[in-house]
Amino acid sequence: MKQLTLNKIRDTQVVCAPPDPVSCQLSVVSCSRTRGALLLELLIAISILAVVLSVGSQAVFVSLQSGKTSGESDVAIGLANEALEAVRGTAEEKWQNIYTLTKWTQHYYPAPSAGKWTLTAGDEAIALNTANYTRYVTIQNVCRDTTPTSRAITGITDTDGTLTTCTTSTGLFDPSTQKVTVTVSWQGSGSPVTVSDYF
C-alpha cells in the first residue's frame, strides 16, 4: 500500500492539469510582447551602432586626410628650402648668375649641371610619393635705407622689383642684394608654400 501511495504522489507531480484558456492567452500575449520589445531594442542598438560607426569612420577619414596634407606640406617646404640653397650656391659661385636674370616676371628652377647648380628658365615639375609638385624661383631688386649706420632693407624696388627705382619703398637701389623667392605648389588641399631670402 505504501508503494502505491508513493507512485500516486509521483504521478500527480508528473501529470499537470491543463491551463485554463484565459491564462494560456495571457502567456502568449506576454511572450509576443517580449519578442516585440526584444526586436525593438535590437533595432535601436543597430541604429546607434550605425551612427557611431559613421561618425567614427568620418573622423578617421578626416584624420588621414589631414595627415596626408601635412606630409605634402612638409615635402613642399623641403623642396622650397632645397631650391633656396641651390640659388644661394649659384650666387656664391658668381653674383652675375642671379643678378643678370630677368626679374619677377620670369620663373627659374635650379638644375644640376657639371656638378653645380644652374638656374634654368621655367617651372620644374617634381613627382614625389603620390603628389606632383611645381617649383619655381623668382628674383627681385631690393632697396636699402640711405642712413649709413642702418642700411636696412626697405623693400623691393618699384614695379614688383623689376626696376631700379625706389620711390615706393624709399631708400636706394642696392645692386649687391637680391630678393629670391621660391614657390612650391601641388594639387590637393594644401596651400602653396613660399620661402624667400635676401642674398
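Up top is the structure.
A short tour of the structure in this document, coming up. (Residues numbered from 1 in each chain as written. Predicted model: local features only at pLDDT ≥ 70, side-chain atom pairs only at ≥ 80, totals over all residues. Heavy atoms only, no water.)

Moving on: a nonpolar patch on the surface. A cluster of nonpolar side chains, Leu 39, Leu 42, Leu 43 and Ile 46, forms an exposed patch at the surface whose accessible area comes to about 390 Å². With respect to the helices and strands, Leu 39 occurs in helix H2 (residues 21-93). (Patch = residues over 30% accessible without salt bridge, like charges linked within 9 Å, V, L, I, M, F, W, Y side chains within 5 Å. Areas by Shrake-Rupley, 256 points an atom, 1.4 Å probe, with all protein chains shown as cover. Salt bridge = Lys/Arg side-chain N within 4 Å of Asp/Glu carboxyl O. Helix = DSSP H or I, 4+ residues; strand = E, 2+ residues; numbered from the N terminus.)

One pass over the structure, following the stated rule, counts one disulfide. The side chain of Cys 143 participates in a disulfide bridge whose partner is Cys 166; the two sulfur atoms lie 1.8 Å from each other. Looking along the S-S bond of the Cys 143-Cys 166 disulfide, the torsion reads about -90°, which is the left-handed sense. One end of the pair, Cys 143, is in strand S4 (residues 131-144); the other, Cys 166, is in the loop between helix H4 (158-161) and strand S6 (172-186), and 23 residues separate them in sequence. Each member of the pair Cys 143 and Cys 166 is classed as buried. (Disulfide = S-S within 2.5 Å. Buried < 20%, exposed > 50% of the residue type's maximum accessible area, 1.4 Å probe, protein only.)

This part is about the packing of aromatic side chains. Per the stated rule, a full pass over the model turns up one aromatic pair. For the ring pair Tyr 133 and Trp 186, a centre distance of 5.8 Å and an interplane angle of 50° mean the geometry is tilted. On the criterion of sequence distance, the pair formed by Tyr 133 in strand S4 and Trp 186 in strand S6 is long-range, its members being 53 residues apart. With a relative accessible area of 2%, Tyr 133 lands in the buried category. Directly above the aromatic system of Tyr 99 lies the positively charged group of Lys 103, at a separation of 5.2 Å from the ring centroid. (Phe/Tyr/Trp six-rings, centres within 6.5 Å; stacked < 30°, edge-to-face > 60°. Lys NZ or Arg CZ within 6 Å of the ring centre and 35° of its normal.)

Quick look at the environment of Thr 164 now. By the secondary structure assignment, Thr 164 is in the loop between H4 and S6. With 22 residues separating them along the chain, Thr 164 and Val 142 place their C-alpha atoms 8.0 Å apart. Discounting chain neighbours no more than four positions away, the residues touching Thr 164 are Asn 141, Thr 157 and Phe 173. (Contact = heavy atoms within 4.5 Å.)

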